[in-house]
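Fold and geometry: a report
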Amino acid sequence: MKNIIFCMFCVFTFSLQAQNSRKITISIQNAPLQEVLFRIGEEAELEIFFLPEWLPQTSFSANYSNTHVRQIMEELLDNTALNYYLLEDRIILTRNNVLYDDLPEQFFGMSAEDTAGIINEVNEKDHLPVFSDWEKSSSPSNVESVNIGKANPATGTNRFFLSGTVVSAVDGKPISNLALTVQGSDQGTATNENGFYSIQLPAGENYIKTQSFGYEETVKRVVIYNDGTLNFRLREDYEQLNEVLLESGLDENVSQAVSGAEEVDVEEIKNIPLVLGERDILKVSATLPGISTAGEGAAGFNVRGGRADQNLILLDNAVIYNPAHFFGIFSALNPFTTGTANIYKGHIPAQYGGRLSSVFDLRTKKASTSDFAGEGSIGPVTGNLTLEAPIIKEKAGLMVGVRSTYSDWILKSLDEESLKDNEASFYDVTAKYNHKIGENTDLDVSGYYSKDKFNITSDSLYSYNNRLFSVELGHRFNDRHRGGVILTNSNYQFDIDYTGEFSNDFRSGYQINETGAKIHMRYRLNKKNSLQYGLASKLYLIEPGSIKPTGSESAITALSIPQEKGIEAGIFVADEFQVNEKLLINAGFRFSMFAALGKGEERIYQGGAPKRESSVVEINHYGQNEVMKTYGGPEVRVSARYLLQEDLSVKASYNSVYQYIHTLSTNTTVSPTDTYKLSDGTIKPQKANQYSLGLFKNFLDNTYELSLDGYYKTSDNIVDYKVGASLFLNPTIETEVLQGKGRSYGVEFLVKKTKGKLNGWLGYSYSKSLIQLKGDFREETVNNGEYFPSNFDKPHDFSVVANYKLTRRFSFSGNFVYQTGRPITYPVGKYNYNNSEYVMYSNRNEFRIPDYYRLDLSLNIEGNHRIDKLAHSFWSISVYNVLGRNNPYSVFFVTKDNEVKAYQSSIFSIPVPTITYNFKF
């Protein structure tokens, strides 16, 4: 028997050598592959076996002279998913797979000698072995199979990258935070805000499962032999919708390396009762620990003890300088046009720069490219309508959202004469055009404009507006490398029109303009390293303020403060490196630079004397675009996660940041008339270092998420002001500015329930925010140079947001908020000097206004969930400040009848009921 097998082997080997040496001459001119294969078979006297549907619909042209058949087949099939196998006088084509002449060593976990022994033994028994794993496919009959690439023994790797996008089958919009898992393994990933994913798979057969709230679950059988692309189009699944107020993604709170990051679910904030029924992304953010406001209806946010100007608020990568309507009562960001809202309050990724405390990264939704759609709301004082329409089917779409108030019409309709002449109105417009240019390139163009007008006295009309424009061109170079170029422009300005009774009419205004460019690249180096790198630059143009007389009889003297100009730039690189299964590190480095540019003047003050106009010893003059002063330095961004258990991790981070632009305001809260000042020769850039350490835990199949996060932050060159400082229209503003040290620390606790009839979150933070102003002279020193509480120091901050779903259509929601009263400076006595009476004040921020607390409740009624309805509706009946708490917005003092009396002002001191109707089609 062994001799017979040896003879057969010799004959088979000889036949293989014969066919390997078979050469033919053939000329091919623009012929389909099927015809080419037939001609090769005729010339080489070979039978070729294949299925016609496997063949690509392309034509071939080539000339071969006395060329091996193997070489011709390899060149023909090089860019296809087909392989071939030569067997005596036959060629067998296979799709994706490779047929081998022998099995590799260790295939059965044995040596080559042992394997040969088994084969010989089987041959002697005159039958072939049966391997149960090969007997039949375990693929369910209803699972779609997808083939990626073809097997190639020469690749030298057995793992490949699969990437693509996941979009809605209804409107073509990307689906973010969708989980993709590999069945039978612990592998998985999630889509980003653009619906993009990337995952590394072993060669051969894999089953990919998609999971997301509100979308159908799918399973696809993927046979992969090369890096490739697989896109998903998913249908909505209304049967699986759950009320989830805040969602961070699949286990991201535990598994991700970035510490102190939150994502607000823009869709689900509709259940949270807010003032006058307005959905407000930023107000919802303030219920999270570590983020607070200075008071009721206040604009601006204080994050981890930072000033309001230390927050970078981005809309499609462009800066919004004042994201508030009507002094902060309403947000200037339209929730119907906003797609994602990510907040970084701990570890700030290296791609962001220019602010010390946080980044609010908001992105508008992509417009539908398949169907006309819309969403809107009607409330007591505002109306909102957003429309989406495909411009090029499945490629391009346009979205336009308009929101406006009709409070002007309400005021003019009242019988109260004192209110008829008042104005209080605003509107904002958001537009986005998205275009898919080919398979790998996307273009997004966004625009935004907002306008506010109001008068709080009969003689002054205030107005302010935001304008921004953003263009982003994204390209996927291959499955591992993608990136984009971003161009932005932002503009903020305010105007004051004053009409008086004493020939002193004037118009005054301020403007800041910022133009930016950014290149941001992402590269997946290998299974363990994911790189981000790029560079960014922005040009600032500031008109610090002007005043002009209006009318020929006005006695006002015109004044204009010279323009400020500066350029800021940064280069960054970051690597998310998986050391092992437990340790994940996100390490980034950014080097930032700033230059103050002319045309301008720099005043040099006498050494050993306080900065006053009288102590100016020299004035340096700089020409147009001449460099006046430069600053810069390295910024380190490191965050690490270590898994103690599968659902328990510890995270630590360190951040260092520079900020080159400052807000000038003597108000405790953000005001529309705040101005901005660039760093120069006398006002230095602010710097901060933040350390954090926290524990993150999930319970009961991710139903509950818990985090306990502590931080400590030190700051240098924090901007504050002298007592009685005059800031607006001051040509020597540096004489009023003080710069000192800051120190803040705290502990944040958050528990969220994301599933079930009752969901929501409870947050608590204990924090301290302190500042030290210690100069060489008494007028530059506050509170004897000791640390004292900042204006926004609120040690205790407690919030509860809850939603209880009675049925699929009816739910109750409620908020409860408690905060320590903010610091204030009180008058503590009076004294006489030169026959005049003066008030003596306490140390700065020595006292506090009363504590703040508020309860809000709402009933939410959804229309039925039939898919074929013309529109889906949602009613919200809410009561803001149910307890009627007279929370103080501010406390001020008035001298009356030789007595100093304290008064308290409030914004909403009574319960405010609201009915809001929302619709979507």
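Just so it is clear, the structure is predicted and the values come from calculations on it, not from any experiment.

Reading the values: the criteria
- Residues numbered from 1 in each chain as written.
- Predicted model: local features only at pLDDT ≥ 70, side-chain atom pairs only at ≥ 80, totals over all residues.
- Heavy atoms only, no water.
- Helix = DSSP H or I, 4+ residues; strand = E, 2+ residues; numbered from the N terminus.
- Buried < 20%, exposed > 50% of the residue type's maximum accessible area, 1.4 Å probe, protein only.
- Areas by Shrake-Rupley, 256 points an atom, 1.4 Å probe, with all protein chains shown as cover.
- Core = buried A, V, L, I, M, F, W, Y, C linked by side-chain atoms within 4.5 Å.
- Contact = heavy atoms within 4.5 Å.
- Phe/Tyr/Trp six-rings, centres within 6.5 Å; stacked < 30°, edge-to-face > 60°.
- Lys NZ or Arg CZ within 6 Å of the ring centre and 35° of its normal.
- Pairing = 2+ DSSP bridges.
- Axes fitted to C-alpha atoms, helices over the stretch in contact; angles between N-to-C directions.
- Parallel < 35°, antiparallel > 145°, perpendicular 65-115°, else oblique.
- Nonpolar A, V, L, I, M, F, W, Y, C, P; charged D, E, K, R; others polar.
- Arc of directions from axis to C-beta.
- pLDDT = per-residue confidence, 0-100.
- Salt bridge = Lys/Arg side-chain N within 4 Å of Asp/Glu carboxyl O.
- Expected span 1.5 Å × (residues − 1).

**Remarks on the overall build of the chain**
- In terms of regular secondary structure, the chain is built from nine helices and 57 strands.
- When burial is assessed residue by residue, the chain has 49% of its 921 residues classed as buried.
- When the accessible surface of the chain is split by element, carbon and sulfur atoms take 54% of a total near 43600 Å².

**Brief notes about the nonpolar core**
- Counting residues in each nonpolar core, the largest one holds 28 residues, and the members touching the most others are Tyr321, Val359, Ile512, Phe594, Ile661 and Tyr676.
- For this core, the secondary structure elements donating two or more residues are strand S18 (311-315), strand S30 (481-498), strand S31 (506-524), strand S32 (529-549), strand S35 (583-597), strand S38 (627-645) and strand S41 (675-678).
- The biggest single contributor to this core is S30, with three residues.
- Beyond its immediate chain neighbours, meaning those up to four positions away, Val359 contacts Leu312, Leu314, Asn342, Ile343, Tyr344, Ile348 and Tyr352.
- With 27 residues, the next largest nonpolar core counts Ile281, Val284, Ala332 and Trp761 among its residues.

**A closer look at the packing of aromatic side chains**
- Per the counting criterion, the structure on display carries 19 aromatic pairs.
- Where Phe38 meets Phe50, the ring centres are 6.0 Å apart and the plane angle is 45°; that geometry is what we call tilted. Of this pair, Phe38 sits in helix H2 (residues 33-44) while Phe50 is found in the loop between strand S2 (47-49) and strand S3 (59-68), placing the two residues 12 residues apart along the sequence.
- For Phe38, a relative accessible area of 46% corresponds to the partly exposed category.
- By relative accessible area, which is 18% here, Phe50 ends up buried.
- Among the aromatic residues, those joined into a cluster by ring pairs are Phe494, Tyr510 and Phe728.
- One cation-aromatic arrangement involves Lys651 over Phe696; the distance from NZ or CZ to the ring centre is 4.4 Å.

**What about the sheet that holds S2?**
- Here we have three strands laid out as an open sheet, ordered S2-S5-S4, and mixed in their pairing. The two strands at the open ends of the sheet, each matched to only one other strand, are S2 and strand S4 (82-87). Neighbour to neighbour, the strand axes of the sheet diverge by 20° on average, direction disregarded.
- As defined by bridge partners, S4 adjoins strand S5 (residues 90-95) across six bridges and the pair is classed as antiparallel. Looking at the pairing, Tyr85 lines up with Ile92 of S5.

**As for the environment of Gly184**
- Among the secondary structure elements, Gly184 is positioned in the loop between strand S8 (179-182) and strand S9 (188-190).
- Residue Gly184 is classed as exposed on the basis of its relative accessible area, which comes to 90%.
- Residues Gly184 and Ile208, spaced 24 residues apart in sequence, show a C-alpha to C-alpha distance of 9.9 Å.

**A closer look at the sheet that holds strand S19 (residues 318-319)**
- In space, the five strands of this open sheet follow the order S15-S22-S23-S18-S19, with mixed pairing throughout. Each edge of the open sheet carries a strand with a single partner, namely strand S15 (261-264) and S19.
- Looking at chain direction, strand S22 (residues 338-344) and strand S23 (residues 358-364) are connected through six bridges and run antiparallel. The residue bridging Ala341 from the neighbouring strand is Leu362, located in S23.

**Observations concerning the packing of H2 against helix H3 (residues 69-76)**
- Between H2 and H3, the least distance of the axes is 12 Å, while the angle of their chain directions is 175°. Our classification of the angle between H2 and H3 gives roughly antiparallel. Side by side, H2 and H3 meet where Val36, Leu37, Ile40 and Ala44 of the first sit next to Val69, Ile72, Met73 and Leu76 of the second.
- Of the residues that constitute the contact of H2 with H3, the class distribution is eight nonpolar, no polar and no charged.

**As for H3**
- By the burial criterion, the buried members of H3 are Val69, Ile72, Met73 and Leu76. One face of H3 carries all of its buried residues, which in axial projection span an arc of 95°.

**Here we look at the confidence of the model for the chain**
- Per-residue confidence for the chain gives a mean pLDDT of 83; residues scoring 70 or more make up 86%.
- Per-residue pLDDT stays below 50 along residues 239-248; that stretch engages in 42 contacts with residues further than four places along the chain or on separate chains.

**Details of the pattern of salt bridges**
- As enumerated under the stated definition, the model contains 35 salt bridges in all.
- Residue Glu748 is joined to Arg304 by a salt bridge in which the shortest nitrogen-to-oxygen separation is 2.9 Å. Linking Glu748 in strand S44 (residues 737-753) with Arg304 in the loop between strand S17 (302-303) and S18, this pair joins segments that are 444 residues apart in sequence.
- The salt bridge partner of Arg403 is Asp428, with a shortest N-O separation of 2.9 Å. Note that Arg403 is positioned in strand S26 (residues 396-405) and Asp428 in strand S27 (residues 424-437), a separation of 25 residues in sequence.
- Connected through shared salt-bridge partners, Lys173, Lys365, Glu375 and Glu388 make up one network.

**Looking at the pairing of S41**
- Neither face of S41 is left uncovered, since the one carrying Thr675 and Lys677 and the one carrying Tyr676 and Leu678 both have all their residues buried.
- Both strand S40 (residues 661-664) and S41 contribute to a ladder of four bridges, which runs antiparallel. From the neighbouring strand, His662 faces S41, where its bridge partner is Lys677.

**Here we look at unusual backbone geometry**
- A cis geometry characterises the amide bond from Gly598 onward to Lys599, with omega recorded as 20°.
- Its location among the elements puts Lys599 in the loop between S35 and strand S36 (600-605).
- One non-glycine residue, Asn717, lies in positive phi territory at about 60°.
- Of note, Asn717 is situated in strand S43 (residues 704-721).

**Concerning H2**
- With 12 residues, H2 extends 16 Å between its outermost C-alpha atoms, agreeing within 8% with the 16 Å of an ideal straight helix rising 1.5 Å per residue.
- Turning to H2, its buried residues are Leu33, Val36, Leu37, Ile40, Gly41 and Ala44. Along the long axis of H2, the arc covered by the buried residues comes to 140°, so they all point the same way.
- Turning to H2, the residues buried within the fold contact strand S1 (23-32), S2, S3, H3, S4 and S5.

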